[in-house]
Amino acid sequence: MADPPGCCHPCATCLLCLYGCHWVTPKKRKGLKTSKCDCSWFLFLFCVFLFTLVWLYFAIIILNDFHNFNEFIFKQRKLWLDWSLVLLIATATLITYSAVLLVLALCLQLCGQPLKLHWLHKILLILTALVVAAAFTGLGIKWAEEWRSARISLQATGPFLHIGIVGGMTLLAWPLASFIYRTRNKGLKVFLLLVYCAVMIALYLAPLGITSPCIMEENQLPPKPALVGHRGAPMLAPENTLMSLHKAVDCDVEVFETDVMVSADGVPFLMHDEELTRTTNVQAVFPERAALNSTAFNWTDLQQLDAGSWFLERRPFPTVQSLSADDRYQVTKQRIPSLEEVLEEAKQSNISIMFDLRPENHSDYQSFVNATLRVILQSRIPLQQVLWLPDGFREDVKQRAPGVQQIYGRKRLQNEKEPLLHVNLPYQDMSSEEIRQYRQDNISVNLYVVNQPWLFSVLWCAGVSSVTTNACQVLKEMKHPIWLLPSSTYLMIWIVVDCTSLLVILWAFLLLKYVLMPFPLPGQSETDVLLTKINSLMQE
């Protein structure tokens, strides 16, 4: 097979060497042809690339919630590692490998060379497909809510994904046109053209189905959501400590969200996990009792524990590396705070406190509620600064402390006895339409846990009241959603992208037809063919 114009022998040989993993001389290359099996493997390569590309998108989206996954793995295996780095490195490796192979194949096609994929590449492609399929399966089984996160992400990325996909499919017109003009199988030509045209038409019309709350006029943008510090400011200080509360105040957080447990001698204190192993040095101080529930320790024992050093040792967030020397020193001095201490700090800082009371299934849960409520009333904190999340014995709390704000972890019911004023839900559980409706009905909506600016932007445009976040220092700096487009502007972008794509596709097919085809005849140089075609075009 002769090389077409613009493809030198050394380039063709190198491409074949990389794609087929063996050196092919120009003489041997003339006898090689792309078989139906080779075409099937190219199609498989293209599908694997798209499959891996979709997984890369999912990997980026689930980074918002990946700290929860790290905590889950620690709870199961007692091993702390930032698994997001493992995920990104593995995904980047797979997508790079499949992308390089695809680029090589497309270059070979443009050069008119045979697509002889080596058996080693075939095995690696099959393994890549299996690994990505296993990742999707595991995601669906163990972390199904992330599918809803992906749907929400399309509200932030949909318009830009559309532009990117249209651009990619437009560039694909070049190798497609090259293949169509070279093959003699008319049925295959018609099939490929029909499929390509159908895909492009669908892409050109895709914006009809793209919706986003950020497609609106500037004057319609709701106020910026208030920030709720998830266990304080856990990217800047150890979670559920006084230092974390102070850092949250510095981030202009309006509510400190935390978790309360009650010690064996009746002292409410701050702790999220049922065990103390993740966020304290209990294994060093009380090794024989390390696996016990947090509520099995009395307050004197809890005060002996270091609740800060783990933060420097395990580095739960990349931001730990950038802490100042003074902050690092303060971290090592952190102890488990009592609810009484936290309420006093909240009162002085004029910050509200919202908390869960754990564990909900404890046999003595009512005494936990009584002890917690007693501390709140004795602290003399303004009750409107206390946001009560626990559902257990809620009616008793309403009677004894009517000023406490009741926060519900559910949506409103049709036959609600008393109207809900505040709801606290995962961000996946409410659509943009529901958020707008609750806002119109003066119901405060807090969604958790929101760490990424793209997600914060979507919820901001939708009109959410507040968000619970680990990244208060990041969201604090956002003065505007990442993007905001009036519908008329988006319509103009849509038309320009589609028209430009169509013109480039037509140009690709016409250029390859009139300039690069056909191949030179025996005894005729490539320059002669090129000059002949240029002369024909000028005469036309």
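Going by what an unreviewed UniProt entry lists, the chain is known as GDPD2 inositolphosphodiesterase and is assigned to Phaetusa simplex. As its UniProt record puts it under Sequence similarities (unreviewed entry), the chain is described as follows: "Belongs to the glycerophosphoryl diester phosphodiesterase family." Comment text from UniProt for the chain, heading Subcellular location (unreviewed entry), reads "Membrane".

## Here's the deal with the environment of Asp 259
Residue placement: Asp 259 occurs in strand 2 (residues 255-262). With relative accessibility at 2%, the residue Asp 259 sits in the buried group. The sequence separation of Asp 259 and Leu 413 amounts to 154 residues, and the corresponding C-alpha distance is 27 Å. Residues in contact with Asp 259, not counting those within four places in the same chain, are Arg 231, Asn 240, Phe 269, Leu 270, Met 271, His 272, Asp 356 and Arg 358. Of the polar contacts made by the side chain of Asp 259, one reaches the side chain of Arg 358; its length is 3.0 Å.

## Here we look at the environment of Tyr 181
Tracing the sequence through the fold places Tyr 181 in helix 8 (residues 173-182). Between the C-alpha atom of Tyr 181 and that of Phe 311, which follows or precedes it by 130 residues, the distance is 63 Å. Within polar-contact distance, the side chain of Tyr 181 engages the backbone oxygen of Phe 509 at 3.0 Å.

## Some thoughts on the UniProt feature "transmembrane region" (unreviewed entry) in the chain
Per the UniProt record, "transmembrane region" (unreviewed entry) is annotated on residues 39-63, 83-111, 123-141, 161-181, 190-210 and 491-512. Counted over residues 161-181, helix gives 95% and strand 0%. Its end C-alpha atoms are 30 Å apart. With 100% helix and 0% strand, the stretch residues 491-512 has end C-alpha atoms that lie 32 Å from each other.

## Describing the state of the cysteines
Tallied over the full model, the rule gives 1 disulfide. The side chain of Cys 214 participates in a disulfide bridge whose partner is Cys 461; the two sulfur atoms lie 2.3 Å from each other. With the S-S dihedral at roughly 95°, the linkage between Cys 214 and Cys 461 falls on the right-handed side. With Cys 214 in the loop between helix 9 (186-205) and strand 1 (226-230) and Cys 461 in helix 19 (residues 453-462), this residue pair connects regions lying 247 residues apart in the sequence. When its relative accessible area of 2% is taken as the criterion, Cys 214 is described as buried.

## As for the domain arrangement of the chain
Annotation of the chain at the domain level lists domain 1 (8-26 + 33-143) and domain 2 (226-476). The partner domain 2 presents 18 residues to the 9 residues of domain 1 that form the contact. Here domain 1 packs against domain 2, burying approximately 1200 Å² in sum over the two surfaces, 50% of which is carbon and sulfur. Looking only at domain 1, the three residues that lose the most surface to domain 2 are Asn 64, His 67 and Trp 80, adding up to 46% of its buried area. There are 3 salt bridges connecting domain 1 and domain 2. Linking Glu 275 and Lys 78 is a salt bridge whose minimum nitrogen-to-oxygen distance equals 2.9 Å. In the side of domain 1 that touches domain 2, the residues fall into 4 nonpolar, 2 polar and 3 charged.

## Here we look at the nonpolar core
In this structure, Leu 447 and Leu 459 are the most contacted members of the largest nonpolar core, which totals 69 residues. Examining the composition of this core, we find that 8 residues originate from one element, helix 19, more than from any other. Residues contacting Leu 459, with those up to four places away along its chain left out, are Tyr 427, Ile 435, Leu 447, Val 450, Val 464 and Val 467. In terms of nonpolar packing, the next biggest core, distinct from the first, is built from 18 residues, Leu 15, Ile 95, Cys 111 and Leu 125 among them.

## So, a negative patch on the surface
A cluster of like negative charges, contributed by Asp 250, Asp 252, Glu 254 and Glu 477, occupies part of the molecular surface. As for its placement among the helices and strands, Glu 254 is situated in the loop between helix 10 (242-250) and strand 2. Judged by relative accessible area, Glu 254 falls into the partly exposed class, the value being 49%.

## Some points on helix 18 (residues 432-440)
Because an α-helix completes one turn every 3.6 residues, residues spaced three or four positions apart along the sequence face the same direction. Turning to helix 18, its buried residues are Ser 432, Ile 435 and Tyr 438. The buried residues of helix 18 occupy an angular sector of 125° when the element is viewed end-on, so they sit on one face. When the buried face of helix 18 is taken as reference, the exposed residues oriented beyond 90 degrees from it are Glu 433 and Gln 440. Where helix 18 is buried, its residues meet helix 7 (145-171), strand 7 (422-426), strand 8 (444-448) and helix 19. Of the residues trailing helix 18, Asn 442 is marked for its positive phi of about 60°.

## Some details on a nonpolar patch on the surface
Side chains of Trp 119, Leu 120, Ile 123, Leu 124, Ile 126, Leu 127 and Leu 130 sit close together on the surface and give an oily, nonpolar patch of about 650 Å² of accessible area. Its place among the elements puts Ile 126 in helix 6 (residues 119-142).

## Some points on the packing of helix 8 against helix 9
Two numbers describe how helix 8 lies on helix 9: the axes approach to 10 Å, and their chain directions differ by 160°. One finds that helix 8 runs roughly antiparallel with respect to helix 9. Considering how the two elements wind past one another, helix 8 and helix 9 form a crossing that is left-handed. Contacts from Ala 173, Leu 176, Phe 179 and Ile 180 of helix 8 reach helix 9 at Leu 188, Lys 189, Leu 192, Leu 193 and Tyr 196. Split into classes, the residues belonging to the contact of helix 8 with helix 9 amount to 8 nonpolar, no polar and 1 charged.

Reading the values: rules and limits
Residues numbered from 1 in each chain as written. Predicted model: local features only at pLDDT ≥ 70, side-chain atom pairs only at ≥ 80, totals over all residues. Heavy atoms only, no water. UniProt positions renumbered as here; feature names shortened; annotations may be inferred. Helix = DSSP H or I, 4+ residues; strand = E, 2+ residues; numbered from the N terminus. Buried < 20%, exposed > 50% of the residue type's maximum accessible area, 1.4 Å probe, protein only. Contact = heavy atoms within 4.5 Å. Polar contact = N/O pair within 3.5 Å; in protein donor to acceptor, adjacent residues only side chain to side chain. Disulfide = S-S within 2.5 Å. Domains from an automatic or database assignment. Buried area = accessible area lost by both parts, 1.4 Å probe. Salt bridge = Lys/Arg side-chain N within 4 Å of Asp/Glu carboxyl O. Nonpolar A, V, L, I, M, F, W, Y, C, P; charged D, E, K, R; others polar. Core = buried A, V, L, I, M, F, W, Y, C linked by side-chain atoms within 4.5 Å. Patch = residues over 30% accessible without salt bridge, like charges linked within 9 Å, V, L, I, M, F, W, Y side chains within 5 Å. Areas by Shrake-Rupley, 256 points an atom, 1.4 Å probe, with all protein chains shown as cover. Lys, Arg positive; Asp, Glu negative; His and termini not counted. Charge placed at Lys NZ, Arg CZ, Asp CG, Glu CD. Arc of directions from axis to C-beta. Axes fitted to C-alpha atoms, helices over the stretch in contact; angles between N-to-C directions. Parallel < 35°, antiparallel > 145°, perpendicular 65-115°, else oblique. Left-handed = near helix turned anticlockwise from the far one by under 90°.

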